[in-house]
Amino acid sequence: MRSRRPSPAKIDREWPYQVALPDDLCTGHSFSLIRDFCEERGLVPIKRQVQAIWPDQTYENWRLYCFGDQASAQVFLDQFGGIMFDPKRDRENGKAHGVWRRTGEYKRILDLGPLSVPQALRN
């Protein structure tokens, strides 16, 4: 049986405006905030994961909210923060399954705009 979900390569082609948020920020109450915000504005992002790796080999899962147009991605980014993710630039040589090589020092994000990591995931 074939998956109804678009392939990673198709997502990168057709939904290239991608906003990255730490995965832990997209759960619990924050998940509801994101869902309600998108529904109220008619935004239907495709979601996928990417693993971010820093120079010290610290890694963290991030969730990508992928949009077909820049304006939708900007509305989402303005509301929730995050980082614009460019699938061609930010993945290893543009590989659809590649990791996100980050620069600088790792710092865990517990709160961002209206989003907050649930208490149970803070330790």
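Asks: Looking at this structure, I do not really get the pattern of salt bridges. What am I missing?
Replies: Close approach of charged atoms allows side chains with opposite charge to pair. Here the structure, examined in full by the defined rule, presents 9 salt bridges. Taking the shortest distance from any N to any O, the salt bridge between R63 and D23 comes out at 2.8 Å. Note that R63 is positioned in strand β3 (residues 59-67) and D23 in the loop between β1 (17-22) and α2 (28-41), a separation of 40 residues in sequence. Taken as a pair, R63 and D23 share a single burial class, namely buried. A salt bridge links R35 to D36; the shortest N-O distance between them is 3.1 Å. Salt bridges sharing common partners tie together D12, R48 and R91.

Reading the values: the criteria
Residues numbered from 1 in each chain as written. Predicted model: local features only at pLDDT ≥ 70, side-chain atom pairs only at ≥ 80, totals over all residues. Heavy atoms only, no water. Salt bridge = Lys/Arg side-chain N within 4 Å of Asp/Glu carboxyl O. Helix = DSSP H or I, 4+ residues; strand = E, 2+ residues; numbered from the N terminus. Buried < 20%, exposed > 50% of the residue type's maximum accessible area, 1.4 Å probe, protein only.

So far we have only geometry, and geometry alone does not tell us how the molecule works.
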